[in-house]
Amino acid sequence: LNDTQTYLHARRVTDNMYMIVTVPQTDVLAARNRTIFTVLFSIISLSAVLCLIAVTMVNKLFRMACKDSLTDASNKISYQEYLKELEKRIAYTHRSYGVAVFDINHLKAVNDEQGHMAGDQLIRDGYEVIHLCFPEDEVFRIGGDEFVVVFDDTDLKKTRNSVVRFICIMDKRVRDFASSSQVVVSCGYSEWQRDEHYRDVFKRADHDMYKEKAKFYAYNPQVDRRR
């Protein structure tokens, strides 16, 4: 119609009369395209919302699976997975690393005398002390009151200084200990030597930690060592 592509619809009104409606094709297609765009935009928006919800739920489940619910430290499952990756990496790179083992003193005494809620609070406080001293490193809770930090070789000299500083802070708390509400964390540290297995490094660090723990009971004989 007048050189324009046109949609046409006709309806017979009487025997000799028809009503004809014409619409330019561009108008029809524009309306159709708007409808298609609206539908597609709605589908994409809904999909995006659903994906966001799914990602949030997955992240929450992953966090629940990898984090300790009491302290928010990484849990033992995360620790075991980390060690698998560490052993693989060391086999190829032979790059050194350090291991610090931490243990909270007099936890059993607090549990026995004040209840497990107080004991749980002591564990949370112990984790906070460790986390504040090593904020850039992942802290693993591997037992009731036992924590581990594995340091890479980026700057082991700096790591040694940080561990020594932590031990000095705890030494002062050991000497000034007067209340079971005080947090005193024993710490041992060791570094990987070529061709060693992780368990050997951990064993040395754990041994040193128990030496520090013995100091606490030596300075505070009023605390039952069995606790």
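Quick caveat, the model's predicted, so the values are computed rather than measured.

J.: Could you give an account of the overall build of the chain, naming the residues involved and the relevant values?
T.: Across its full length, the chain carries six helices and six strands. When the helices and strands of the chain are read in sequence order from the N terminus, they spell out β-β-α-α-β-α-α-β-β-α-β-α. Split into buried and exposed, the 227 residues of the chain put 34% on the buried side. Look at the contacts in the chain between residues 6 or more apart in sequence, and 62% of them connect residues 24 or more apart. When the accessible surface of the chain is split by element, carbon and sulfur atoms take 57% of a total near 15,000 Å².

J.: Help me get a handle on helix H6 (residues 198–219), residues and values and all.
T.: The end-to-end C-alpha distance of H6 is 32 Å, a good match for the 32 Å that 22 residues give at a rise of 1.5 Å each. Listing the buried residues of H6 in full gives Tyr198, Val201, Phe202, Ala205, Asp206, Met209, Glu212, Lys213, Phe216 and Tyr217. One side of H6 carries all its buried residues, which in axial view fall inside an arc of 155 degrees. Of the residues in H6, the exposed ones pointing more than 90 degrees away from the buried face are Lys203, Lys211 and Ala218. Its buried side turned inward, H6 meets helix H2 (76–93), strand E3 (98–104), strand E5 (146–151), helix H5 (156–175) and strand E6 (185–191).

J.: Tell me about the sheet that holds E6, residues and numbers included.
T.: Pairing within the open sheet is antiparallel, and its four strands lie in the order E4-E5-E3-E6. Of all strands in the sheet, those with a lone pairing partner are strand E4 (139–141) and E6, marking the two edges. Ignoring strand direction, the axes of neighbouring strands in this sheet form an average angle of 20 degrees.

J.: Tell me what's going on with the packing of aromatic side chains, and back it up with residues and numbers.
T.: The final tally for this structure, using the stated rule, is 14 aromatic pairs. With a centroid separation of 6.1 Å and an interplanar angle of 20 degrees, the aromatic rings of tyrosine 97 and tryptophan 192 are classed as stacked. Taken as a pair, tyrosine 97 in the loop between H2 and E3 and tryptophan 192 in the loop between E6 and H6 lie far apart in primary sequence, 95 residues in all. Of the two residues, tyrosine 97 and tryptophan 192, neither departs from the other in class, the shared state being buried. Taken together, the aromatic side chains of Tyr79, Tyr82, Tyr97, Phe140, Trp192, Tyr198 and Phe202 make up a single cluster linked through ring pairs.

J.: Tell me what's going on with the nonpolar core, and back it up with residues and numbers.
T.: In this structure, Phe102, Ile130, Phe147, Phe151, Phe166 and Val185 are the most contacted members of the largest nonpolar core, which totals 25 residues. Residue assignment for this core shows that the elements contributing at least two residues are E3, helix H3 (107–114), helix H4 (116–133), E5, H5 and E6. Counting residues in hydrophobic clusters, the runner-up holds 17 residues, among them Tyr97, Phe140, Trp192 and Met209.

J.: Explain unusual backbone geometry residue by residue, including any values.
T.: At histidine 94, a position not held by glycine, the phi torsion is positive, near 55 degrees. Residue placement: histidine 94 occurs in the loop between H2 and E3. Even without a glycine there, the phi angle at aspartate 195 is positive, about 70 degrees. Among the secondary structure elements, aspartate 195 is positioned in the loop between E6 and H6.

J.: Can you lay out a nonpolar patch on the surface for me, pointing to particular residues and giving the numbers?
T.: A surface patch of nonpolar side chains, amounting to about 520 Å² of accessible area, comprises Tyr7, Val13, Met17, Met19, Val21 and Val23. Counting residues per element, the nonpolar patch draws most heavily on strand E2 (residues 17–24), which supplies four residues. With relative accessibility at 30%, the residue valine 23 sits in the partly exposed group.

J.: Give me the pairing of E2: which residues, what numbers.
T.: As a general feature of sheets, a regular strand has side chains that alternate between the two faces. Examined bridge by bridge, strand E1 (residues 6–14) and E2 share eight bridges and lie antiparallel to one another. By the bridge assignment, arginine 12 is partnered in E2 with tyrosine 18. Here E1 hands over to E2 after two residues, the two strands then running antiparallel side by side.

J.: Go over the environment of isoleucine 20 with me, naming the residues and quoting the values.
T.: Of note, isoleucine 20 is situated in strand E2. Overall, the relative accessible area of 52% leaves isoleucine 20 in the exposed class. In this structure isoleucine 20 touches Leu8, His9 and Ala10, once residues within four positions along its chain are discounted.

What counts, and at which threshold
Here the residue numbers are simple positions, counted from 1 along each chain's written sequence. Only residues with pLDDT of 70 or above have their local features reported here, since the model is predicted, and side-chain atom pairs are shown and tallied only from 80 upward, although totals for entire chains, interfaces and linings are computed over all residues. Water and hydrogen atoms were dropped before computing side-chain values, which therefore reflect all heavy atoms in the structure. The numbering of helices and of strands both runs from the N terminus, where a helix is a DSSP run of H or I of at least 4 residues and a strand a run of E of at least 2. Here the term buried applies to any residue with accessible area under 20% of the maximum for its type, exposed to any over 50%, and partly exposed to those in between, with areas from a 1.4 Å probe on protein chains only. Between two residues, a contact is recorded if the distance between any of their heavy atoms is within 4.5 Å. In these tables, accessible area is a Shrake-Rupley quantity obtained with a 1.4 Å probe, and a residue counts as shielded only by the protein chains included in the view. A helix is expected to span 1.5 Å multiplied by its residue count minus one. Summarising the geometry, the arc corresponds to the directions from the helix axis toward the C-beta atoms. Between any two strands, at least two bridges found by DSSP are needed for them to pair. For every element, the axis is a line fit to its C-alpha atoms; helices are fit only across the contacting stretch, and the angle between N-to-C directions ranges from 0 to 180 degrees. Any pair of Phe, Tyr and Trp rings, taking the six-membered ring for Trp, is counted once the centres come within 6.5 Å. Such a pair is stacked with planes under 30 degrees apart, edge-to-face with planes over 60 apart, and tilted for the rest. The definition of a nonpolar core used throughout is a set of buried Ala, Val, Leu, Ile, Met, Phe, Trp, Tyr and Cys residues joined through side-chain atoms within 4.5 Å. In this scheme, patches are assembled from residues that exceed 30% relative accessible area and form no salt bridge. Like charges are connected within 9 Å, while nonpolar side chains (Val, Leu, Ile, Met, Phe, Trp, Tyr) are connected within 5 Å. Just to be clear on terms, a salt bridge is a Lys or Arg side-chain nitrogen sitting within 4 Å of an Asp or Glu carboxyl oxygen.

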